[in-house]
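Structural characterization, general
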Amino acid sequence: MTIADTSPPPVDTKDEPAAMSREWHWHPELPIKYAPFAIWPPQPVVFMKWVWTNYLQVSDRSMFLALAFFVAFWLQPVTNAQVVFSLDWMGMVLLRNLVLLSTVAGGLHFWFYGIDGQGKRLKFDPRPMSARKNALYKFGYQTWDNMFYSLVSGVPIVTAYEVGFRWLYANDTLATFSFSQGWLWFILLFPLLALWQSLHFYVIHRLVHWPPIYRHVHSVHHRNVNTGPWSGMSMHPVEHMLYISALLILLILPSHPVHMLFLTYWLMLGAASSHSGYEAIWVKDKSRLLIGAFFHQLHHRYYECNYGNSEMPWDKWFGSFHDGSEEATKTTRDRKRKMHAKL
Ligand SMILES: [Zn+2]
Ligand SMILES: [Zn+2]
């Protein structure tokens, strides 16, 4: 589950950079880096470059932002009709979320695994995603299983949160904060929500790794060792509720529905891109769009590390960071052994 990787873009060359570790087919430069929010002393040039690349140019992050504006101001704004729960508008929210996740996860799956759009170029794991019949998965196949959990549990739970927030905004229970009321807060809230999500994800993710909860809940997500776009939102319903609860911060922070939608897409659609198994979409000998998250790929391989994401160094500060090195793999394996020996 994360969310956008912040590693430097791969060099545009015909010769794919070789992996530095034998365990991977490809990985970004190691040790992996965090987004430059917590660098001390601050490096404004590095920071501005990062903001430019991630928020102001075409990236998964800027596309979720544009989508949030498109929905909040044009496709389905919060209106008076939403003061009461009605199947008319709630059905539209559900339908749109189904279409959005199917388009993003389905589109990425089609490119990477359906038509094998770029072969193994910029693919992290040397192995192909599980395409063989396997009793571990519902309906016998990883992709069908992942689609089931994403569409039957994930999207309805995301929709329930969105519907609840729309109802609150429409009833003025939650005051809508507009651009003209404070443009600086209006703009800053977008990156602040991404930073908040990073902390929230770290905390709930550590919780679901507690072995008694892990066995019943989080193991559903971790059956995907080699992940694909549909794996991102493939979780147990309890985990969906916890994961999406990052939105509840908006009950106390002044916000506009566009902020709620940005965080919703960051959580739901970002999970699809970050689990794609590839660093970037590569077309015509060029890296076109950074999407992958090697940070989280390490979590799926070694489990007891990188519970957060690369937005903020929570893992570094709390001692669970895997920077991609073999030494970190050893430390992580020791931690896993101790955790499971206690219970
Ligand atoms: Zn995951
Ligand atoms: Zn996990």
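Since this is a predicted model, take the numbers as computed values, not measurements. (Residues numbered from 1 in each chain as written. Chains lettered and ligands numbered in written order. Predicted model: local features only at pLDDT ≥ 70, side-chain atom pairs only at ≥ 80, totals over all residues.)

When you go through the chain residue by residue, the secondary structure sums to 11 helices and 2 strands. For 343 residues, the compact-globule formula gives about 20 Å, and the C-alpha radius of gyration of the chain, at 20 Å, lands near that figure. Within the span of the chain, comprising 343 residues, buried residues form 41% of the whole. Within the chain, contacts between residues at least 6 apart in sequence are counted, and of these 72% link residues at least 24 apart. (Helix = DSSP H or I, 4+ residues; strand = E, 2+ residues; numbered from the N terminus. Rg over C-alpha atoms; globule rule 2.2 N^0.38 Å. Buried ≥ 20, exposed ≤ 12 C-beta atoms within 10 Å, placed from the backbone. Contact = placed C-beta atoms within 7 Å.)

Leu-101 and Phe-262 are the most contacted members of the largest nonpolar core, which totals 60 residues. Listed by contribution, the elements that provide at least two residues to this core are α2 (60–75), α3 (87–114), α4 (142–170), α5 (183–208), α7 (237–244), α8 (257–274), β1 (280–283) and α9 (294–302). Of all the elements, α8 adds the most residues to this core, at 12 residues. Among all residues touching Phe-262, those that are not within four sequence positions of it are Phe-64, Leu-65, Ala-68, Phe-190 and Leu-193. (Core = buried A, V, L, I, M, F, W, Y, C linked by C-beta atoms within 7 Å.)

Before going further, it helps to spend a moment on the environment of Gly-277. As for its position among the elements, Gly-277 is in the loop between α8 and β1. Residue Gly-277 is classed as buried on the basis of its 27 C-beta neighbours within 10 Å. Once the C-alpha coordinates of Gly-277 and Phe-112 are considered, the two residues, 165 residues apart in sequence, prove to be 8.9 Å apart. Discounting chain neighbours no more than four positions away, the residues touching Gly-277 are Phe-112, Lys-123, Phe-124, Asp-125, Met-129, Asn-226, Thr-227 and Gly-228.

Our focus in this paragraph is the pairing of β1. Inspection of the sheet shows β1 paired to strand β2 (residues 286–290) by 4 bridges, in the antiparallel sense. Within β2, the position partnered with Val-283 by the bridge is Lys-286. Between the end of β1 and the start of β2, which pair antiparallel, lie 2 residues, with Lys-284 showing a positive phi angle near 50°. (Pairing = 2+ DSSP bridges.)

Attention now goes to the environment of Met-233. Assignment of secondary structure puts Met-233 in the loop between α6 (211–222) and α7. Placed 43 residues apart in sequence, Met-233 and Ser-276 show a C-alpha to C-alpha distance of 11 Å. Each residue touching Met-233, except ones within four places of it in the same chain, is listed here: Leu-101, Ser-150, Gly-154, Met-268, Ala-271 and Ala-272.

On to the confidence of the model for the chain. The predicted coordinates ought not to be read in detail in places where the model reports low pLDDT. Averaged over the chain, the pLDDT score is 91; the fraction of residues at 70 or greater is 93%. Every residue in residues 1–18 scores below 50 in pLDDT, and together they form 57 contacts with partners more than four places removed in sequence or on other chains. (pLDDT = per-residue confidence, 0-100.)

Before going further, it helps to spend a moment on unusual backbone geometry. Note on backbone geometry: most residues besides glycine have negative phi, and most peptide bonds are trans. Here the residue pair Leu-30 and Pro-31 is connected by a cis peptide bond, since its omega of -5° sits within 30 degrees of zero. Along the polypeptide, Pro-31 turns up in the segment before α1 (44–56). Cis geometry marks the peptide bond from Trp-40 to Pro-41; its omega dihedral reads -5°. On the secondary structure map, Pro-41 appears in the segment before α1. Not every positive phi belongs to a glycine, and Lys-284 is a case in point at roughly 50°. Tracing the sequence through the fold places Lys-284 in the loop between β1 and β2. Even without being glycine, Asn-306 reaches a positive phi, approximately 45°. With respect to the secondary-structure elements, Asn-306 resides in the loop between α9 and α10 (314–318).

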